Each structure stands twice: as structure tokens, then as C-alpha cells.
Amino acid sequence: MKIVILAAGQGTRLRPLTDNIPKCMVEVNGKSIIERQLGVMQECGVKNKDIAVVAGYKYDVLKNVLKDKNITFFENNKYDDTNMVYSLMCAKEYMNNAKDVIVSYGDIIYSREVFQKILQSENENISVIVDDRWYEYWSERCDNPLEDAETLMFNERGYLTEIGQKTTELRKVQSQYIGLMRFKGNGLEVMMKLCHEADKRSMNGIKLWRTDRDYFKMYMTDLLQGLIDEGNKLKTVHIQRGWFEVDNMKDLKIAERGLKD
């Protein structure tokens, strides 16, 4: 099993904290987000040699800080013009040599219990962590949770039917995506093929699945929706909180308070 951490972002909404460091190096109660992720992974038995980080903004700073960790690095040197899917494909060579890959956003903090949930999802080709208690968390983060939340719907067997679309209907947000997922076996193969197909479509000016964004600007949720629309089964793995996203200064304060508690 391999891990890919997507950490190319600038974290503009966390400035001035990110003036000289990438977003994943922002400290939460004295310990950086990336240190917290690596610590949880280590506690769960993951070796550093099986971890890759895709960096972009302040690439050299992050690589230097982690230089003794035996971690593989890939650079997204177009970080300011691209998004998560493009960053993921910067590590395609790494994933081509794997049969099982966990993908984690670089700006989220999660507990050991949450990470163990994705480790335990061994019987599915594609697994996606979702938080059933998202509303109380979004209520802390936003005046109106539906302004920021996106659709996430699944069928009676727990497979995703829709993800990542804007909505004003609470019933269409059955849970919330956090940015932690797993692709293994055939699931990894079809994910890589779909990324290649998205790139090809964009080069030919063909619209992607349910988004107006092209391959370079694709969100991970665009990729997941594309996989659904192409007939693949994406299993929801349910959690009840135990994680934080650090996207802005308010998020940082909420995470610091929550981790103390």
C-alpha cells in the first residue's frame, strides 16, 4: 500500500502564516498539519518509505523540513494554475507501481480512528471517507452551512450516487466528503484511466462529466463524480467527526480549540 499526500496549495486564506511556508506546514497547537498526518500514519503502521508528497508552493521549504523522513517527493510546478487532480497525476509514476493507494489532502487533520477506517476498507476497489456529523462542524465554520457544503448522496448499499455539486437542499447532503480516499486493484486502474481520459477531453475542448472545469482545474470531487457516471462503485466509509480542515484562520481556531478539547 502507498500513500499520496496532496500538499501543493498556497493557503492564501491563511496568510500571513503561509507567506514563507506551504499550507501543510501551518502549525496547529504547536505541531504542523503534515507532522500530525505523518504521526497518525506511523501509529497505524505505515512506513515513511511508502509515503509520497506532491508539493508545489514553497516546494523546497517542505522538502528540506522532511529531508530525513525517507519520503518520496513529486513537484507540481504549475500549482498556481492547477488543482487537486493535476497534483495527483504528478505522482502517476509512483501509482503505476502500486496496487493500493490512499490519497489524502494535505490540509486536513484526522485522528488515528479515522485513518484506521480507511485502512479497514479492504474489500472495496474505491473507498471514500464521509462524515455523517458534518452539519454541526459546518455550522461552526459558516453562517450558512449550505453555502459551502456540496452534495453527497449514496444508495441503500452505501455506494455514492452524487458528490461535489452545489445545492440549496439539505436532503442532498447525506454526509460530507473530507478529502481522504482509497483506490486499489481495478479501482486504481480505472481512476488512472479516467484522469488520462479527462486530460484528453480537455485537450480536444470536450466538456468533462458534471463540471465546466477542465482537466487542469479539476477538483477531486469532479473525478469521483466522473467515476460514478462511468459506472464505477465508490463505497462510503462513515465517520462521526474526528477530523478538521484548515482552510482559513477561522478553521485554524476551530481546530486548535477542538484538539485541546
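Preceding this section is the structure that the text describes.
Figured I'd write up the structure that's included with this text. Computed from a prediction, not measured in an experiment: that's the story for all the values here.

What follows covers the overall build of the chain. In terms of helices and strands, the chain carries ten helices and 13 strands. Whereas a compact globule of 261 residues would reach a radius of gyration of roughly 18 Å, the chain reaches 17 Å, a difference of no more than 12%. Over its C-alpha atoms, taken along the principal directions, the chain stretches across nearly 45 × 40 × 35 Å. Relative to its full complement of 261 residues, the chain shows a buried share of 54%. A fraction of 70% describes how many contacts in the chain between residues 6 or more apart in sequence connect residues 24 or more apart. A total of about 12400 Å² of accessible surface is found on the chain, and carbon and sulfur atoms cover 42% of it. Of the charged side chains in the chain, 39 are positive and 40 negative; the average position of the first set lies 3 Å away from that of the second.

What follows deals with the packing of helix α8 (residues 186–203) against helix α9 (residues 220–229). The axes of two packed helices give the description: the angle between them and the distance between them. Where α8 meets α9, the axes come as close as 10 Å, and the angle between the chain directions of the two elements is 110°. Relative to α9, α8 is oriented roughly perpendicular. Counted together, Val190, Met191, Leu194 and Cys195 of α8 and Leu223, Gly226 and Leu227 of α9 form the full contact between these two elements. In the contact of α8 with α9, the residues fall into six nonpolar, one polar and no charged.

What follows is about the environment of isoleucine 102. When you line up the elements, isoleucine 102 lands in strand β6 (residues 100–105). Overall, isoleucine 102 belongs to the buried group, its relative accessible area being 0%. Along the sequence, isoleucine 102 and methionine 181 sit 79 residues apart, while their C-alpha atoms lie 5.8 Å from each other. Apart from the residues lying within four places of it in its own chain, the contact partners of isoleucine 102 are Met1, Lys2, Ile3, Val4, Phe115, Ile118, Leu119, Leu180, Met181 and Arg182.

Moving on, we come to the packing of helix α6 (residues 134–141) against helix α10 (residues 249–260). The interhelical angle for the contact between α6 and α10, taken along N-to-C directions, is 125°, at an axis separation of 10 Å. In terms of their interaxial angle, α6 and α10 are classed as oblique. Within the contact between the two elements, α6 uses Tyr137, Glu140 and Arg141 and α10 uses Lys250, Asp251, Ile254 and Arg257.

We now examine the side chain of threonine 18. Here threonine 18 is to be found in the loop between β1 (2–7) and β2 (27–28). A relative accessible area of 0% means that threonine 18 is categorised as buried.

A few words on the environment of valine 173. With respect to the element layout, valine 173 can be found in the loop between β10 (160–166) and β11 (176–184). For valine 173, a relative accessible area of 5% corresponds to the buried category. Separated by 39 residues in the primary sequence, valine 173 and tryptophan 134 place their C-alpha atoms 9.2 Å from one another.

Right, let's talk about the packing of aromatic side chains for a bit. All told, the structure shown has 14 aromatic pairs when counted by the stated rule. Both rings, one in tyrosine 105 and one in tyrosine 177, keep their centres 5.8 Å apart while their planes meet at 80°; by these two values the pair is edge-to-face. With a gap of 72 residues between them, tyrosine 105 in strand β6 and tyrosine 177 in strand β11 connect regions that are remote in the sequence. Summarising the burial analysis for this pair, tyrosine 105 and tyrosine 177 share the class buried. Seen from their ring centres, tyrosine 137 and tryptophan 138 are 5.6 Å apart, and the 90° between their planes marks the pair as edge-to-face. Of the two residues, tyrosine 137 and tryptophan 138, neither departs from the other in class, the shared state being buried. Members of the aromatic cluster, connected to one another through ring pairs, are Trp134, Tyr135, Tyr137, Trp138, Trp243 and Phe244. The cationic tip of arginine 201 hangs over the ring face of tryptophan 209; the distance from NZ or CZ to the ring centre is 4.5 Å. A cation over a ring is seen here: arginine 241 above tyrosine 137, with NZ or CZ 3.9 Å from the ring centre.

Moving on, we come to helix α1 (residues 33–43). The buried fraction of α1 amounts to eight of the eleven residues, a majority that puts the element mostly inside the structure. Taken as a whole, α1 has its buried residues at Ile33, Ile34, Arg36, Gln37, Leu38, Gly39, Val40 and Met41. A positive backbone phi angle near 95° is found at glycine 45, which sits one or two residues after α1.

It is worth spelling out unusual backbone geometry at this point. Here arginine 15 and proline 16 are connected by a cis peptide whose omega angle stands at 15°. Within the fold, proline 16 resides in the loop between β1 and β2. The phi dihedral of lysine 58 falls on the positive side, at around 55°, and the residue is not glycine. As for its position among the elements, lysine 58 is in the loop between β4 (51–55) and α2 (59–65). By relative accessible area, which is 30% here, lysine 58 ends up partly exposed. Backbone geometry at arginine 241 places phi at a positive 70°, although glycine is not the residue there. Counting through the fold element by element, arginine 241 comes out in the loop between β12 (235–239) and β13 (243–245).

Thresholds applied
- Residues numbered from 1 in each chain as written.
- Predicted model: local features only at pLDDT ≥ 70, side-chain atom pairs only at ≥ 80, totals over all residues.
- Heavy atoms only, no water.
- Helix = DSSP H or I, 4+ residues; strand = E, 2+ residues; numbered from the N terminus.
- Rg over C-alpha atoms; globule rule 2.2 N^0.38 Å.
- Buried < 20%, exposed > 50% of the residue type's maximum accessible area, 1.4 Å probe, protein only.
- Contact = heavy atoms within 4.5 Å.
- Areas by Shrake-Rupley, 256 points an atom, 1.4 Å probe, with all protein chains shown as cover.
- Lys, Arg positive; Asp, Glu negative; His and termini not counted.
- Charge placed at Lys NZ, Arg CZ, Asp CG, Glu CD.
- Axes fitted to C-alpha atoms, helices over the stretch in contact; angles between N-to-C directions.
- Parallel < 35°, antiparallel > 145°, perpendicular 65-115°, else oblique.
- Nonpolar A, V, L, I, M, F, W, Y, C, P; charged D, E, K, R; others polar.
- Phe/Tyr/Trp six-rings, centres within 6.5 Å; stacked < 30°, edge-to-face > 60°.
- Lys NZ or Arg CZ within 6 Å of the ring centre and 35° of its normal.

Note that every value here comes from positions in space, so none of it alone points to a role or purpose.
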